[in-house]
Amino acid sequence: MMGHPLTLQNFLMRSRDFFGKKEIVSRELDGTLFRYTYREFYERVCRLAHALEELGVGKGDRVGTFGWNTHRHLELYFTPCMGAVYHTINIRLFPEQIAYIINHANDRVLFIDADLVPLIEQIRDKINVQNFVIMGKEKSYDTKFDSIAYEELISGKPRDYEWPLLDEWDTAGTAYTSGTTGLPKGVEYTHRGLVLHSIVAALPDEMGLSEKDNVLHIVPMFHANAWSIPFAATMVGAKQVFPGSQPTPQVLVDLMNSEKITFTAGVPTIWLMVYQYLKQNPDKKPEHLKEVISGGSAPPVALIKAFREEFGIEIIHAYGLTETTPLVTLNRPKSYLELDDEAYYQLKTSQGLIAPLLEMRIVKEDGREVEWNGKDMGELILKGPWIAKEYFKDIEKTKEKFTEDGWFRTEDIAVIDEEGYIKIVDRVKDVIKSGGEWISSVDLENALMAHPAVAEATVIGIEHPKWQERPLAVVVRTQDVTKEELIEFLKPKFAKWWLPDDIVFIDEIPKTSVGKFDKKVLRERFKDYYMK
Ligand code: ADP
């Protein structure tokens, strides 16, 4: 066979040639809907390529994006077709992290959504960017630094472009993981990785994307490539809908109805907000939506149940990381499994089966693989065509997270059952190591939070003179309950040695910048608890 390169250029030309009449819809800052076709999209990508070339952007140069989900952001996702590298920047990071990322990636041009300009103004003096482009409908914007409006930038440029021959191993895009543990780390996506990821993600037993779908992009395009769904959607020629700035549940649900959305994806928090909104507005139930993809953290079983039983919408659970483009596993129960309701929902909470073309291992501390029994815990490690092989310009972090024999360490602790369904039970730094065995802090937390008197619960491993570590539960109460009552409540669900040795009650659990429980702070506060 021919050594034909797998590049995003094919998706761009294909969507122009075969789906030129299909629609792309985008909500502007003023709330109006902008509509155009794949044909016009193609022409604007060409104009953008000419404009970037005139700014001096060449092969391998980085083009930063600081924006919401819009059609302009989609156009920027296809700048790799001219050899440039798009770099999506997470607008929710701290200003110092944003400045660090922009400089570390060496962004030449920065595209900013009009309402986000104040965030960049704060760091303007700290970043080495040559040109700033403001995205929005207008042809000019007032900014405190030199800038040009996107519409002005591309206006009058030719509607076609002579695309260069690319190598499939060329870098197409880059993104940084959030810096919860130290500085953000850069991941580079190759054309080849993005193409193969798109093909597999679109398969019926994976995300299941087709030309017939109307796709609503909810996952932010500034986080993990919007799970690379914009590439897969362009590949199949689906109608794409972009909710723009401040995507509230009302905006999302209105678009689901007006644009007849059949496909969408988001984190569990979004589904929780959509659930609450639909409960209050039952007449707005989206008629065309039969399933939604949920990833980024584990959805509570009550939510999966509520969506299915109250709205007839199936939550499809998926798992991945910025380093993995991100699809790693997706959960669709196999056709031959005979499951009653309880078993069904139990299975749905697991992260699912590994995607085709990826290789995985779940290894214990001594490097041995776990049994497929749903019980043995180990760290999930991965290989595959869309798994990062290193961090961009960061030898130290690369050494930590990539093994010498070529595996990427997820630092997620998993179990795997006889059927191959993977369940994430903890993170390496949170799992409790008690007498040579591991205890899942996540399982204990979920069980505690199911108690009606518990508002929030977190379980941490605390140094112990005999057992190395023992679990300590830290709980916020909504009403009176004693530790003895809570331990009694846990007893039927866990082996005796899993039960927390003690429970402390506090008023509020400290949270990180992205709202996750800050276990680091609690571990520090209670570090001598079992040594006294
Ligand atoms: P960050 O920038 O915070 O690393 P990522 O999106 O890359 O952001 O986070 C990846 C991590 O999120 C995974 O390592 C895992 O711990 C968690 N995660 C992702 N999807 C799921 C899921 N479906 N269930 C449980 N945890 C998940």
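Higher on the page you've got the structure.
Residues numbered from 1 in each chain as written. Predicted model: local features only at pLDDT ≥ 70, side-chain atom pairs only at ≥ 80, totals over all residues. Heavy atoms only, no water.

Bringing the packing of aromatic side chains into the picture now. Enumeration over the complete set of coordinates arrives at 24 aromatic pairs. Between Y529 and Y530 the ring centres are 5.6 Å apart and the planes differ by 75°, which places this aromatic pair in the edge-to-face class. Relative accessible area serves as the criterion here: at 25%, Y529 is assigned to the partly exposed category. Through a chain of ring-to-ring contacts, three or more aromatic side chains come together here, namely F34, Y36, Y38, F41, Y77, F78, Y86 and F231. For R62, the ring lying beneath its charged end belongs to F392, and the centroid distance is 4.8 Å. (Phe/Tyr/Trp six-rings, centres within 6.5 Å; stacked < 30°, edge-to-face > 60°. Buried < 20%, exposed > 50% of the residue type's maximum accessible area, 1.4 Å probe, protein only. Lys NZ or Arg CZ within 6 Å of the ring centre and 35° of its normal.)

Next up on the list: the pattern of salt bridges. Once the charged atoms of two side chains with opposite charge are near each other, the side chains can pair. In total, this model carries 39 salt bridges according to the counting rule given. The closest approach of N and O atoms between E43 and R39, which form a salt bridge, is 3.4 Å. Of this pair, E43 and R39 both sit in helix α2 (residues 38-54), four residues apart, which is roughly one turn of that helix. Since its relative accessible area comes to 16%, E43 is described here as buried. Given a relative accessible area of 38%, R39 falls into the partly exposed group. The salt bridge partner of K483 is D502, with a shortest N-O separation of 3.0 Å. Here the residue K483 occupies a position in helix α15 (residues 483-490), and D502 occupies one in strand β25 (residues 502-505), the gap between them amounting to 19 residues. Accessibility expressed as a relative area gives 32% for K483, which makes it partly exposed. On the accessibility criterion, D502 (15% relative accessible area) is buried. By sharing partners, the salt bridges in this structure join E28, R44, R72, E75 and E151 into a single network. (Salt bridge = Lys/Arg side-chain N within 4 Å of Asp/Glu carboxyl O. Helix = DSSP H or I, 4+ residues; strand = E, 2+ residues; numbered from the N terminus.)

With that settled, the discussion passes to the nonpolar core. F78, F111 and W163 are the most contacted members of the largest nonpolar core, which totals 88 residues. The dominant element in this core, judged by the number of residues it contributes, is α2, at nine residues. For F78, the contacting residues outside a window of four places in its chain are L8, F11, L12, F41, V45, F231 and T234. Residues V25, V241, Y275 and F307 belong to the second largest nonpolar core, which totals 27 residues. (Core = buried A, V, L, I, M, F, W, Y, C linked by side-chain atoms within 4.5 Å. Contact = heavy atoms within 4.5 Å.)

As a further point, take the environment of Y77. Inspection of the secondary structure assignment puts Y77 in helix α3 (residues 71-77). Judged by its relative accessible area of 0%, Y77 falls in the buried class. C-alpha separation for the pair Y77 and H87, spaced 10 residues apart in sequence, amounts to 8.7 Å.

For the ligand, the set of nearby residues contains 15 residues, the closest of which are S178, A318, T322, Q351 and D412. Here an oxygen atom of the ligand sits 3.4 Å away from a polar atom, N or O, in the side chain of H223. For the ligand, a nitrogen atom lies 2.7 Å from a polar atom in the backbone of A318. The residue inventory of the shell around the ligand, partitioned by class, reads four nonpolar, nine polar and two charged. (Near = heavy atom within 4 Å. Polar contact = N/O pair within 3.5 Å; in protein donor to acceptor, adjacent residues only side chain to side chain. Nonpolar A, V, L, I, M, F, W, Y, C, P; charged D, E, K, R; others polar.)

Mapped onto the fold, T174 is located in strand β8 (residues 171-176). Using a relative accessible area of 0% as the deciding quantity, one classes T174 as buried. In this structure the side chain of T174 is engaged in a polar contact, spanning 2.9 Å, whose partner is the backbone oxygen of V187. When residues no more than four places from it in sequence are discounted, the contact partners of T174 are R62, V85, Y86, H87, T88, V187, E188 and Y189.

A word on the side chain of D518. As for its placement among the helices and strands, D518 is situated in the loop between β25 and α16 (519-525). For the buried D518, no salt bridge exists, and the shortest N-O distance to an oppositely charged side chain is 4.9 Å, to K520. If sequence neighbours within four positions are ignored, D518 has contacts with P510, K511 and T512. (Lys, Arg positive; Asp, Glu negative; His and termini not counted.)

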